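The chain contents come next:
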Amino acid sequence: MPMRRFQEALLGQVRQTFPELAEIPEQILTVPPDPAMGDLCLQAFPLAKALRRPPQQIAEEIATGAAGLPGFSKVDQQGPYVNFFLDPVALAKAVLGEAAERGEAYGNPELGAGQTVVVDYSSPNIAKPFGIGHLRSTVIGAALYRLYRATGYRVVGINHLGDWGTQFGLLLAACEDEGDEAALEADPVEYCYRLYVDYSKRRDHDVTIADRARQWFKRLEAGDQAAVVLWTRIRELSLREFDQVYGRLGVSFDYVRGESYYNQRLEATLEVVREAGLLQEDAGALIVDLSDLDMPPGLLAKSDGASTYLLRDLAAAMSRAEDFSFDRCLYVIGSPQALHMQQLRAVLAKLGCPWAEGMVHVNFGHILGMKTREGNLIFLNQVLDEAAQRSRAKVEENQQRGWTEGDIDVLAIAEAVGLGAIIFNDLKQNRVHDITFDWDRMLNFDGDSGPYLQYAYSRTGGILRKGECEVVAEYDAGAFAQASEHDRALLVALANMSLAVERSVVDNAPHHLCQYLLELATMFSRWYTNHQVLGSGEWEAPRLAVVHAVRQALGNGLRLLGITPLERM
RNA sequence: GCGCCUGUAGCUCAGUGGAUUAGAGCAUCGGACUUCGGAUCCGAGUGUCGGGGGUUCGAGUCCCUCCAGGCGCGCCA
């Protein structure tokens, strides 16, 4: 983590200049607004209060003390700011050396040694289509999973399937009436979904259907043979279909534990709440009063005795705490469930579970306008197919122009580019914003897009192939004493990777890494349009080392996001 | 009615615990190298950072208030 090292050097210098300060606040570290002013900056404001001296004077002392600090070529005080220029040779040595040494681990700061994180993500409902709405939880959760693992955490990924609840009573009732084995076999999810929608409508007019649905669910919870057999079959058929999508997205889980998994713990969980004196009966239902926290009561059991979502999540949380003793548990679930998550944490806090502190709602805005004109859901598979189709034309065009020499698998590349566009589109912005579904924006291949990053990566491959330099050769980092603006900007960008990864982990926000990778790819694109690598004489070897480093950083970043780096496209 | 979230360029968005001159992409217009791939690069223009007040030497960023939009608010999950 080269940039961090330079930052530490500056902080150390400040510590030495002002030994009377017990602590040096990190906020003094900033970046000048214009690269021409320097690469790193120390601002004196945060120190002014503690030292009781004017910022300007403090800056002067820092600047004086930092003169000749190794690793920096110039120190320039501007009022309360002290701007530092990195010595390009030291920078190049640090960055290129680390990229070559750490390889696949380049850019990953060590943050989580000895800590465990549970990530609850994707979590679709069985017997319903895998819609575009589930994409967000899947993609964000999978990215966080990889980010945590890369930074040294032990990570447990759980797919918390929606495979329990009254809704399955309705489905079972429908199957009882119209069970069509052939239709179920042919397209299980589609068939179940159609039945479900149909019976939901009929339930509104027909009370007997609602009653039968409740009865079926009670039978299911009681372990009734017929109910369990049918439910198990539907669950397995659904999972088989989901697995196709997961395979396509390159997503996997350590555990597929749906809500049903916690079924046998529900009684015990209820008992825990009762013993804590928190359980109250209200109109036949069992609730936990949360009015002291200005929250509506949490409903644990309905008046007919059936469990609720909240009770099942309570049981799940306790089970996870027992099984994994997590330090953090991320719930990658949409923003509309904010109240539910608050209630869950509140009940656990009342029960005296200290680990509930580590539960984080990694919320995200939902996708608007994702229905067709007829009001049908847009299936994820349709979107992925469309993405692959759009990119295919471009791949074939490139192939015809001879840009993708050798044997290439056009379909595989088209698929990877399409996925790159869709995944990046979902990760590049702050997760809390709602996303308006828009084919053209989602499948944009220009500018700030997944394919833009993949393209930059493939260019590194192109250069290395052409030059037959797949391995980093000997080079003289001293050449960078004459570094151009583009060289410097690219080296600085490379050095910043671990800072971006760190921010993504700390905030549970993959978009920081996305923004960083765009910056890196942009700097690389500018660099290679301005600097010839192959055949550039004494520059060739050092520049090839830069290409290798960019390739490593971009490749690592793309893999963290779940996007395939491509050699050719 | 109450609660949570959001409001930055025509559009979609970045903008680290306040700090040097608010930035990208898309779209529009104009341009680029006979050498490593034009899914690229360069240039141009547009901002009451939703409105108003406050704290501060300094606010897109913190506090209050109003407006607009979204989402929630016990037997769906």
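This brings us to unusual backbone geometry. Its identity is not glycine, yet alanine 283 carries a phi of approximately 50 degrees, on the positive side. Among the residues examined, alanine 283 registers a relative accessible area of 74% and is labelled exposed. The phi dihedral of aspartate 294 is positive, around 60 degrees, even though this residue is not glycine. Summarising the element assignment, aspartate 294 is placed in the loop between β9 (285–288) and β10 (298–301).

Formed by 145 residues in total, the largest nonpolar core has its most connected members in Leu42, Leu47, Leu96 and Leu554. Among the domains, domain 1 (2–86) and domain 2 (116–368) are the pair contributing at least three residues each to this core. Those residues in contact with leucine 47 that lie beyond four places of it in its chain are Val14, Phe18, Leu21, Pro25, Ile28, Ile58 and Ile62. By size, the runner-up hydrophobic cluster in this structure holds 37 residues, among which are Tyr262, Leu266, Met318 and Ala356.

This part takes up the protein's contact with RNA strand B. Neighbouring residues of RNA strand B: 69 residues in total, closest Tyr81, Glu259, Lys302, Asn398 and Arg526. Backbone sugar and phosphate groups make up 56% of those atoms of RNA strand B lying within 4 Å of the protein. The contact in question runs from a base nitrogen of RNA strand B to an N or O atom on the backbone of alanine 283, over 3.4 Å. Within the side chain of histidine 433, one N or O atom sits 3.4 Å away from a phosphate oxygen of RNA strand B. At the level of elements, β2 (40–43), β4 (81–86), α6 (166–178), β9, α12 (309–324), α14 (380–400), α17 (450–466) and α20 (511–530) are the ones that each hand at least two residues to the surface near RNA strand B. A total of 8 residues in the surface near RNA strand B trace back to one element, the largest contributor, which is α17.

Turning next to the packing of aromatic side chains. Within the structure shown, the criterion is met by 18 aromatic pairs. Ring geometry for tyrosine 121 against tyrosine 145: centres 6.4 Å apart, planes inclined by 40 degrees, an arrangement best described as tilted. Residue tyrosine 121 is found in the loop between β5 (116–120) and α5 (133–150), and its partner tyrosine 145 is found in helix α5; the two are separated by 24 residues along the sequence. Owing to a relative accessible area of 1%, tyrosine 121 belongs among the buried residues under this scheme. On the basis of an interplanar angle of 90 degrees and a centroid distance of 5.2 Å, the ring pair of tryptophan 164 and tryptophan 231 is categorised as edge-to-face. A residue pair is termed long-range when its members are at least 10 positions apart, and tryptophan 164 in the loop between β6 (154–159) and α6 and tryptophan 231 in helix α10 (residues 225–249) qualify at 67 residues. Judged on exposure class, the residue tryptophan 164 and its partner tryptophan 231 are both buried. The structure contains a cluster of three or more aromatic residues connected by ring pairs, namely Tyr121, Phe130, Tyr145, Phe242, Tyr246 and Phe253. The side chain of arginine 219 reaches across the aromatic face of tryptophan 216, ending 4.1 Å from its centre.

What follows covers the domain arrangement of chain A. Accessible area lost during the coming together of the parts is what is often quoted as the interface size. Domain annotation for chain A reports domain 1 (2–86) and domain 2 (116–368). Between the C-alpha centres of domain 1 and domain 2 the distance comes to 51 Å.

The subject of this paragraph is α5. For α5, spanning 18 residues, the distance from its first C-alpha to its last is 27 Å, which sits close to the expected 26 Å at 1.5 Å a residue. A large share of α5 lies buried, amounting to 14 of its 18 residues. Taken from the residues just after α5, glycine 152 is the one with a positive phi, measuring 95 degrees.

What follows concerns the pattern of salt bridges. Under the counting rule described, the total for this entry stands at 35 salt bridges. A salt bridge links arginine 53 to glutamate 20; its shortest N-O distance comes to 3.7 Å. One end of the pair, arginine 53, is in the loop between α2 (45–51) and α3 (55–66); the other, glutamate 20, is in the loop between α1 (2–17) and β1 (29–30), and 33 residues separate them in sequence. Between arginine 551 and glutamate 567 there is a salt bridge whose closest N-O contact spans 2.9 Å. With arginine 551 in helix α21 (residues 540–561) and glutamate 567 in the segment after α21, this residue pair connects regions lying 16 residues apart in the sequence. A cluster of three or more residues bridged by salt bridges with shared partners is formed by Glu405, Arg465, Arg551, Glu567 and Arg568.

What follows deals with the layout of surface pockets. A volume near 1,100 Å³ is recorded for the largest pocket. Along its surface, the largest pocket is lined by 33 residues, and Val31, Asp39, Val492, Asn496 and Glu519 are the ones closest to its centre. For the lining of the largest pocket, the elements supplying multiple residues, two or more each, are α1, β1, α18 (485–495), α19 (497–506) and α20. Residue contributions to the lining of the largest pocket peak at 7 residues, all from α20.

With that out of the way, let us pick up the confidence of the model for chain A. On average, residues of chain A score 92 in pLDDT, and 98% of them are at 70 or above. Of the two predicted TM-score estimates for the complex, the pTM is 0.95 and the ipTM is 0.95.

A few words on the side chain of threonine 151. Along the polypeptide, threonine 151 turns up in the loop between α5 and β6. In this structure the side chain of threonine 151 is engaged in a polar contact, spanning 3.1 Å, whose partner is the backbone oxygen of tyrosine 148. The contact partners of threonine 151, leaving out residues within four places of it in the chain, are Pro109, Glu110, Leu111, Gly112, Val501 and Val505.

Here we come to empty space enclosed by the protein. Evaluation of the coordinates by the stated rule reveals 4 cavities of 30 Å³ or more. Roughly 50 Å³ of volume is contained in the largest cavity. Around the largest cavity, the lining residues are Ile126, Ala127, Lys128, Gln167, Phe168, Leu171, Cys192 and Tyr196. Elements with a contribution of two residues or more to the lining of the largest cavity: α6 and α8 (188–205). Here the lining of the largest cavity gets 3 residues from one element, more than from any other, and that element is α6. Grouping the amino acids of the lining of the largest cavity by side-chain chemistry returns 6 nonpolar, 1 polar and 1 charged.

Looking now at the packing of α17 against α21. When two helices pack together, their arrangement is given by the angle between the helix axes and by the axis-to-axis distance. Relative to each other, α17 and α21 sit at 145 degrees, their axes nearing to 9 Å. Every pair of crossing elements has a handedness; the one defined by α17 and α21 is left-handed. Residues Leu453, Gln454, Ala456, Tyr457, Thr460, Gly461, Ile463 and Leu464 of α17 lie in contact with α21, whose contacting residues are Leu544, Val547, His548, Val550, Arg551, Leu554, Gly555 and Leu558. Residues that form the contact of α17 with α21 fall into these classes: 10 nonpolar, 5 polar and 1 charged.

This part takes up the packing of α5 against α19. It is the contact of α5 with α19, at a shortest axis distance of 10 Å, that shows an interaxial angle of 120 degrees. Comparing their axes, α19 and α5 come out oblique. For the pair α5 and α19, the sense of crossing is left-handed. Between α5 and α19, the contacting residues are Leu144, Leu147 and Tyr148 on the first element and Val501, Ser504 and Val505 on the second.

Reading guide: rules and limits
- All residue numbers refer to positions counted from 1 along the written sequence of the respective chain.
- Here every chain gets a letter starting at A, and every ligand a number starting at 1, in the order they are written.
- For this predicted model, a pLDDT threshold of at least 70 governs which residues receive local features, and a threshold of 80 or more governs which side-chain atom pairs are given and counted, while totals over whole chains, interfaces and linings are taken from all residues.
- Note: side-chain values were computed over all heavy atoms of the structure, leaving out hydrogens and water.
- Here the term buried applies to any residue with accessible area under 20% of the maximum for its type, exposed to any over 50%, and partly exposed to those in between, with areas from a 1.4 Å probe on protein chains only.
- Runs of E in the DSSP output that reach at least two residues are strands. Runs of H or I that reach at least four are helices, and both are numbered from the N terminus.
- Working definition of a nonpolar core: buried Ala, Val, Leu, Ile, Met, Phe, Trp, Tyr and Cys residues. They are joined through side-chain atoms within 4.5 Å.
- Domain borders in the structure are assigned automatically or taken from a domain database.
- Whether two residues are in contact is decided by their heavy atoms: any pair within 4.5 Å suffices.
- Nearness here has a simple test: a residue counts as near a molecule or strand if at least one of its heavy atoms is within 4 Å of that partner.
- Polar contacts, as used here, are pairs of N or O atoms within 3.5 Å; protein pairs need one atom able to donate a hydrogen and one able to accept it. Residues neighboring in sequence count only if both atoms are side-chain atoms.
- Centres within 6.5 Å make a pair out of two Phe, Tyr or Trp rings, where for Trp the six-membered ring is used; the pair is then stacked when the planes are under 30 degrees apart, edge-to-face when over 60, and tilted otherwise.
- A ring is considered to have a charge above it if a Lys NZ or an Arg CZ atom is located within 6 Å of its centre and within 35 degrees of its normal.
- Here the expected length of a helix is defined as 1.5 Å per residue gap, with one fewer gap than residues.
- Each reported salt bridge corresponds to a side-chain nitrogen of Lys or Arg within 4 Å of a carboxyl oxygen of Asp or Glu.
- Here a cavity means grid points, on a 1 Å grid over the protein atoms only, where a 1.4 Å probe fits yet cannot get out; a pocket means an open set of points with protein on both sides within 12 Å along at least five of seven lines; lining residues are those with an atom within 4 Å of a point.
- Grid points are joined across faces, edges and corners, and a volume is the space filled by probe spheres set on the points.
- The score called pLDDT rates the predictor's confidence residue by residue, from a low of 0 to a high of 100.
- When residue character is reported, Ala, Val, Leu, Ile, Met, Phe, Trp, Tyr, Cys and Pro are called nonpolar, Asp, Glu, Lys and Arg charged, and the others, Gly included, polar.
- The angle between two axes is taken between their N-to-C directions and runs from 0 to 180 degrees, where each axis is a line fitted to C-alpha atoms and a helix contributes only its stretch in contact.
- Handedness of a crossing is defined here by the sense of rotation of the near helix relative to the far one, left-handed for an anticlockwise turn of less than a right angle and right-handed for a clockwise turn.
- Put simply, angles under 35 degrees are roughly parallel, angles over 145 are roughly antiparallel, angles from 65 to 115 are roughly perpendicular, and the rest are oblique.

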